[in-house]
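A closer look at the structure
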Amino acid sequence: MTKDKPLIWLGAILMISLLFAGCVAPTPEEITKPKTAIEEEREYLVEQVGNLAVYRIYADGFEDLSIEDQLLAYWLTQAAIAGRDIFYHQMHSQGLDIRRVLEGVLSAPEGIEEGLLQEIKHYAYRVWDSSSNYDQRTFKKFLPEFTYDELVRAAHRANENDGAGFELKEGEALDELLDGVRKAMFDPGFDAYLKNQEAEDIVKESAANFYDRGVTENKVVRFYDSGKGKNPLNSRVARKWFRLEEQVYKVGGLYSEEIEQIIYYLEKAKPYCPENQAECLDLLIEYYRSGDLVDFEKFNIAWVQTNPEVDFINGFIEVYQDPLGLKGSWEGLVNFINKEKTETVQKIIDEVQYYEDSMPWKSDYKKVWKEKPVAKSVSVVSEIGDAATCCVIGINLPNSQKIREEYGSKSIALDNVVEDLDRGKQDAYGVQVLEEFALPDEWEAASKWVSQADWVALNFHEIIGHGSGKASESLAKDPSFYIKGYYNTLEETRAELVALYFLPDDKTIELGLLPSKDAAWAYYRDYARSDLQQLRRFETGNVIGEAHNQATHLIVQYLISKGEVEVKQIDGKHYYVVKDPVRMREALGELLAEVQAVKSEGSYEGAKHLVETYGKYLDEDLRDEVIERYSNIEIPKYSVVVMPWLVPTHENGRVVDVSIDSNESYMEQQLRYSRYN
Ligand SMILES: [Zn+2]
């Protein structure tokens, strides 16, 4: 338990960041879900350390995979773990040293006083979860609740027990290691933000390790505009004398050792792949060797055209962590298909053209779906690096617009992560939150339908949301080029609106995705509430920073301005109440038409107006009230997940079988990942 915040007095909860690699569907958070007998027995909320909760993710169905697929999942997981350190190093130049200190202490903690040990554990859990000491929602450094002297004391005690966990390098003294991380861990002013888009120089003031210290935004922009930089996605920019140069991530370049390990395991995986997937792995290996982005494109084209039982992501993919949005963060993810859910998703895909034609926007902006998207529901068995920053719930890749237009994209819903997290949170506090923020006449419908509607909304958001629409013929470049800093929020708003708009559509009911319009209306009410509830995440200031949070705020504040969502005050508490869901849908359609026009025409001013008017600023008094209301509910402020462990069976030095273990603790899992190297 943290010193100044006993559980009962918790402040705002920082819930699962519903981060999609490529996008997120903000989903309502408090859901009741019927459980099967097995699920009743299970623990989803497995551990609490102060205000941090650990939720367990299961991988049902893994046992039913063929032995080849199980072995494939195992080796791809090894290839994912092999890249784990890269992401730590990308986040901060001292990230790996901080991790060594914490793991050294936690590997041999005997004799460290309990209170201090709990504080260190709490901090370590957050570091593992973020692969850094930066909060993944605010991008701000978080500080330990213990002092440097206490850390030194604990570290020396652990070192006397068994110093192996510190992995001291040759000639490196423990005190040297500790002194080296002191500023990075304890000085709030030093490298305060991983990224801060409000900073005068967003590159210079970013703590992330994509650019050498002191390199300015101006210089990087000129470097790439002039065409001198060839590898914006897969390199670090260093300063050499007065010039900039790229350190390319590849064999023989930066992170060579890790990348060679990754390749080693990809080679191990290959014999268990279907043929076209093996070709895919070859192309990925080629790219890791050359560092050439043309090779990456070839890989992506092959990858998007495969649809195997066991699939993976492995590489420098998303650019959210870089203030300039150029540098790919390393991630590894392995999943297998959930057939039943995927069939349901297929129903949406079969009707993409219907939904496109029914969009409430101008026909000039409607597209013809030449290639239908590949979309599936999967169970994740491992997520490492950027994919593990709690919590990715869906993926839409590749990011290259060119490949997407020509070859389509893969939409992957990470169902076990979403569902098991929901169950864990439901166990922990679901009913209390519903009763605090919903009016009594909304409770029953919310419990009955929101969970199912949420699942449909998530898939709509990804497939017919992000996938829909087209730019005006007059636009020479991608809309994002013109809309710049407002683009992400605009696009998330658009995808959300599409999902909301089509939930109550006749086709949606006809396909059996939802039992009735009432289910959609329950979701509307929940969605309105979710904007009020999310205020707890922004403890200081009046700015909502993250694109998906802004999108929800934009939509609900727009609805309030139109009178479709009413702000009621009852006994001094505020409630967001949907007046008439049918009329609310009309208003959503009007906003959607406007948002699409702004995107299609690449209107910077239009996007700016929407985001600045509705999406960006919060009411501080209301926020304080929401935080106060949450403080009366015992809610863990932070969430982390522990994934299943794929345990190999060796025979004559070969891995011949894999079983799944769901008993490992979060700490055991993280230490196992680290020891692996
Ligand atoms: Zn999205």
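Before reading on, note that the structure itself is shown above.
Counting of residues starts from 1 at the beginning of each chain's written sequence and follows it residue by residue. Thresholds applied to this predicted model are a pLDDT of at least 70 for local features of residues and 80 or more for the giving and counting of side-chain atom pairs; totals over whole chains, interfaces and linings are not thresholded and use all residues. The side-chain quantities take in all heavy atoms of the structure and omit both hydrogens and water.

Only DSSP runs of H or I reaching four residues or more are called helices, and only runs of E reaching two or more are called strands; each is numbered from the N terminus. Along the protein, the regular secondary structure elements total 25 helices and 14 strands. For 677 residues, the compact-globule estimate of 2.2 N^0.38 gives 26 Å, and the C-alpha radius of gyration of the protein, at 24 Å, lies within 12% of that figure. With respect to the three principal axes, the spread of C-alpha positions in the protein is 70 × 55 × 55 Å. Only protein chains enter the accessibility calculation, which uses a 1.4 Å probe; a residue is then buried when its area is under 20% of its type maximum, exposed when over 50%, and partly exposed in between. Within the protein, buried positions represent 61% of all 677 residues. In what follows, residue pairs with any heavy atoms lying within 4.5 Å of each other are defined as contacts. Sequence-distant contacts, at least 24 apart, represent 74% of the contacts inside the protein between residues at least 6 apart. Atoms considered for the radius of gyration are the C-alpha atoms alone. The globule rule reads 2.2 Å times the number of residues to the power 0.38.

With that settled, consider the pattern of salt bridges. Salt-bridge detection follows one rule: a side-chain nitrogen of Lys or Arg within 4 Å of a carboxyl oxygen of Asp or Glu. If you walk through the whole model with that rule in mind, you get 38 salt bridges. Residues Glu-172 and Arg-100 are paired through a salt bridge, measuring 2.9 Å at the closest nitrogen-oxygen approach. Of the two residues, Glu-172 is situated in the loop between helix 6 (148–162) and helix 7 (174–186) and Arg-100 in helix 4 (residues 95–107); the sequence distance between them amounts to 72 residues. With a shortest N-O distance of 2.9 Å, Arg-494 and Glu-491 are connected by a salt bridge. A residue pair is termed a helical-turn pair when its members lie 3 or 4 positions apart in one helix, as Arg-494 and Glu-491 do in helix 18 (residues 487–502) at three residues.

Only the stretch in contact is used when a helix axis is fitted, and all axes are lines through C-alpha atoms; the angle between N-to-C directions ranges over 0 to 180 degrees. Two elements in contact, helix 4 and helix 5 (residues 114–130), have axes separated by 10 Å at closest approach and are oriented at 140 degrees. Regarding the angle of helix 4 to helix 5, the classification is oblique. Every pair of crossing elements has a handedness; the one defined by helix 4 and helix 5 is left-handed. Along the contact surface, helix 4 presents Ile-98, Arg-99, Leu-102, Glu-103, Val-105 and Leu-106, while helix 5 presents Leu-117, Ile-120, Lys-121, Tyr-123, Ala-124, Val-127 and Trp-128. Of the residues in the contact of helix 4 with helix 5, the class split is ten nonpolar, no polar and three charged. Small angles under 35 degrees read as roughly parallel and large ones over 145 as roughly antiparallel, with 65 to 115 read as roughly perpendicular and the rest as oblique. Crossing handedness follows the turn of the near helix against the far one: under a right angle anticlockwise gives a left-handed crossing, and clockwise gives a right-handed one. Think of it as three bins: nonpolar holds Ala, Val, Leu, Ile, Met, Phe, Trp, Tyr, Cys and Pro, charged holds Asp, Glu, Lys and Arg, and polar takes everything else, Gly as well.

Aromatic rings from Phe, Tyr and Trp, taking only the six-membered ring of Trp, are treated as a pair when their centres fall within 6.5 Å; an angle between ring planes under 30 degrees marks them as stacked, one over 60 as edge-to-face, and anything in between as tilted. Taken as a whole and judged by the stated rule, the model has 29 aromatic pairs. Ring geometry for Tyr-74 and Trp-75: centres 4.9 Å apart, planes at 70 degrees, overall edge-to-face. Here the two residues Tyr-74 and Trp-75 agree in accessibility, since each one is buried. Centre to centre, the rings of Tyr-249 and Tyr-255 are 5.1 Å apart; their planes meet at 40 degrees, and the pair counts as tilted. On the basis of relative accessibility, which here comes to 1%, the residue Tyr-249 falls in the buried class. On the accessibility criterion, Tyr-255 (7% relative accessible area) is buried. Aromatic ring contacts, followed pair by pair, group Tyr-123, Phe-142, Phe-146, Tyr-148 and Phe-186 into a single cluster. Residue placement shows Arg-126 over the ring face of Tyr-638; its charged tip is 3.7 Å from the ring centre. By the criterion adopted, a ring carries a charge over it if an Arg CZ or a Lys NZ lies within 6 Å of its centre and within 35 degrees of its normal.

All right, on to unusual backbone geometry then. Cis geometry is found at the peptide bond from Leu-397 to Pro-398, where omega equals 0 degrees. Checked against the element boundaries, Pro-398 lands in the loop between strand 8 (394–397) and helix 14 (401–407). Positive phi is not limited to glycine here, since Ser-131 has a value of about 55 degrees. Positionally, Ser-131 belongs in the loop between helix 5 and helix 6. If you check the backbone angles, Tyr-255 has positive phi at about 65 degrees while not being a glycine. Looking at the element boundaries, Tyr-255 is found in the loop between strand 4 (243–248) and helix 9 (256–269).

Right, let's get into the sheet that holds strand 12 (residues 638–642). Two strands form a pair only when DSSP identifies at least two bridges running between them. Strand order in this open sheet of three strands is 1-2-12, and the pairing throughout is mixed. The sheet terminates laterally at strand 1 (45–49) and strand 12, the two strands that pair on one side only. Direction aside, neighbouring strands of the sheet carry axes that sit 25 degrees apart on average. Relative to strand 2 (residues 52–56), strand 1 is paired through four bridges, and the arrangement is antiparallel. Paired with Gln-48 across the two strands is Ala-53, which belongs to strand 2. Where helix 15 (residues 415–437) meets the sheet, its contacts fall on strand 1, strand 2 and strand 12, and the angle it forms with strand 2 comes to roughly 135 degrees. Sheet strands touched by helix 25 (residues 666–675): strand 1, strand 2 and strand 12. Its angle to strand 12, the strand with the most contacts, is close to 65 degrees.

Any functional reading would require information beyond the geometric quantities listed.
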